[in-house]
Amino acid sequence: MKNILILSFVTLVLASCGADKKMAVEDIIASGNLEQIRKKKAELDASAQEISSQLKQLESEIKKLDPQERIPLITTFETKEAVFNHYVELQGNVSTKKNLVIYPEYSGTLTRVYVKEGQKVVKGQILAKIDDGGLSQQVAQLQIQAELAKTTFERQERLWNQKIGSEIQYLQAKSTYEAQQRAVNQLQQQVGKTVVRAPFSGTIDDVISEQGSVVAPGQSQLFRIVNLRDMYIETDVPERYISNITPGKDVQVEFPILGKKMDAKIRQAGNFINPANRTFKIEVAVSNKDKSIKPNLTAKLKINDYKNEKAILIPQSIISENAEGQQYVYTVTDKVENKAKAKRVIIETGKTQGDYIEVLSGLDNGNEIIDEGARSVKDGQEVKILVVE
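Note that the structure is predicted; figures quoted are calculated from it, not measured. (Residues numbered from 1 in each chain as written. Predicted model: local features only at pLDDT ≥ 70, side-chain atom pairs only at ≥ 80, totals over all residues. Heavy atoms only, no water.)

J.: Even after reading the chapter, I still don't get the overall build of the protein chain, so can you show me in this structure?
T.: Per the secondary structure count, the protein chain includes four helices and 22 strands. Taken over the C-alpha trace, the protein chain has a radius of gyration of 47 Å; the compact-globule value for 389 residues is 21 Å, which it surpasses by more than 25%. When the backbone C-alpha atoms are referred to their principal axes, the protein chain occupies close to 165 × 50 × 40 Å. For the protein chain, the proportion of its 389 residues judged to be buried stands at 30%. Across the protein chain, the fraction of contacts at a sequence separation of at least 24, relative to all contacts at a separation of at least 6, is 72%. (Helix = DSSP H or I, 4+ residues; strand = E, 2+ residues; numbered from the N terminus. Rg over C-alpha atoms; globule rule 2.2 N^0.38 Å. Buried < 20%, exposed > 50% of the residue type's maximum accessible area, 1.4 Å probe, protein only. Contact = heavy atoms within 4.5 Å.)

Given below as structure tokens:
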């Protein structure tokens, strides 16, 4: 608008001079009269000074009337070093290594079930009994034969120590006794498989097979036993964090369903990158004294993967980008009272957290940055700073 008004004024001035004046200048130059030429030049110089003065008046009035020519109003803030913690937010599921479905080791009829759902058991406690199909009787018979073999061996050993009898008789008696003993032990192990015991202390969460059912090894599920003490959260982490997310890192854990939060640490980080999704697994141990945390419960994790004790943070909303892809902000210079000039500063940024971003280079502690109005100013433009109470 300013250029249009100036152009219109110049046009009017030239029009007032008329074409005759233009011809008169050409005629004077053609005449070669030095005195007339100097006189005409003096007249034109006076007219030029008058026009210049009028243009300045017009520009001053334009600045008052045109909103685009008014001094921009801005607010500023001062950069300060602060502790910056960056968090990676993930989701995981609660798990436990003591959540087990118990299968039988022997085929037969489930003759007795000694526990019920919700019952607490200790490691080694008998949970059920499977019909052994006569194995116990076979063990008793073998034990009788083993006792006889033992007696024969002991007598033959005494005779051999007294140099009575042959060595072959002694060795045969010893071999027979040891063979009988091994047979008894082997059969006793088979009988032991008919007794189902708790592999660890915990709670019987589910009785799957009822008494009287026919069960088979590796096929029939008998019980589910759970221990809620050694709980942990397992989740997949993108491979780009493999050098920052390591055992011992702090984790903020939230269970949305329970409305519960707690602080924890990473106890294990995997060394294998899954080629299917380019992630590695981590485990976060959680305390479960009140036993409110259950297996497969959803948990939200905030893992502290980066910390800067002296970081400069600025709002992301004030950052702009030029055609070369460089990021910049505006600072204020030449400040006199509440008037200053805007200065464009190229910056390099780092990690973000919420609405703020870390500045790695370009700004120092104590710089005054333009906040409100940052996107409406230009480099070198005069600005007016508003004091925000």
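After that view, the rundown keeps rolling.
J.: Sorry, what's going on with the environment of Ile-242 here?
T.: Assignment of secondary structure puts Ile-242 in the loop between strand 12 (231–238) and strand 13 (250–255). On the accessibility criterion, Ile-242 (39% relative accessible area) is partly exposed. With 51 residues separating them in the primary sequence, Ile-242 and Ile-293 have C-alpha atoms 28 Å apart. With near-sequence residues (within four places) excluded, Ile-242 lies in contact with Ile-273 and Phe-280.

J.: Explain the nonpolar core here, please?
T.: Soluble globular proteins: nonpolar side chains tend toward being buried together. Ile-233, Ile-245, Val-253, Phe-255, Ile-282, Val-284 and Ile-303 are the most contacted members of the largest nonpolar core, which totals 26 residues. The set of elements that each furnish at least two residues to this core consists of strand 3 (81–96), strand 12, strand 13, strand 14 (260–269), strand 15 (279–286) and strand 16 (298–315). When residues no more than four places from it in sequence are discounted, the contact partners of Phe-255 are Val-94, Ile-233, Lys-260, Met-262, Val-286, Ile-293, Leu-297, Thr-298 and Ala-299. With 24 residues, the next largest nonpolar core counts Val-121, Val-139, Leu-142 and Val-196 among its residues. (Core = buried A, V, L, I, M, F, W, Y, C linked by side-chain atoms within 4.5 Å.)

J.: Can you walk me through the sheet that holds strand 8 (residues 195–197) in this structure?
T.: Neighbouring strands of a sheet are bound in pairs by backbone hydrogen bonds; such pairs are parallel or else antiparallel. One open sheet accounts for four strands, arranged 8-7-5-10; its pairing is antiparallel. For this open sheet the edge positions go to strand 8 and strand 10 (214–215), each flanked by a neighbour on one side alone. Pairing of strand 7 (residues 126–130) with strand 8 involves three bridges; the strand directions are antiparallel. The partner of Ala-128 across the bridge, within strand 8, is Val-196. (Pairing = 2+ DSSP bridges.)

J.: I'm lost on the packing of aromatic side chains in this one. Help?
T.: Each aromatic ring pair is characterised by the separation of its centres together with the angle its planes make. Scanning all chains against the criterion turns up four aromatic pairs. Connected via pairs of aromatic rings, a cluster forms that spans Phe-153, Tyr-170 and Tyr-177. Lying over the aromatic face of Tyr-328, Arg-344 brings its terminal NZ or CZ to 4.5 Å of the ring centre. The cationic tip of Lys-351 hangs over the ring face of Tyr-306; the distance from NZ or CZ to the ring centre is 5.7 Å. (Phe/Tyr/Trp six-rings, centres within 6.5 Å; stacked < 30°, edge-to-face > 60°. Lys NZ or Arg CZ within 6 Å of the ring centre and 35° of its normal.)

J.: What should I look at first to understand the UniProt feature "domain: CusB-like beta-barrel" (unreviewed entry) in the protein chain in this one?
T.: Feature annotation in UniProt assigns "domain: CusB-like beta-barrel" (unreviewed entry) to the following positions: residues 233–305. As a span, residues 233–305 carries 0% helix and 52% strand, and end to end its C-alpha atoms are 17 Å apart. (UniProt positions renumbered as here; feature names shortened; annotations may be inferred.)

J.: Any chance you could explain the sheet that holds strand 9 (residues 202–207) here in plain terms?
T.: What the four strands build is an open sheet, ordered 4-11-9-6; its pairing is antiparallel. Each edge of the open sheet is held by one strand with a lone partner, namely strand 4 (99–102) and strand 6 (120–121). Sheet topology note: the strand 9/strand 11 (residues 223–226) ladder contains four bridges and is antiparallel. Each bridged residue has a counterpart across the sheet, and for Asp-206 the counterpart in strand 11 is Arg-224.

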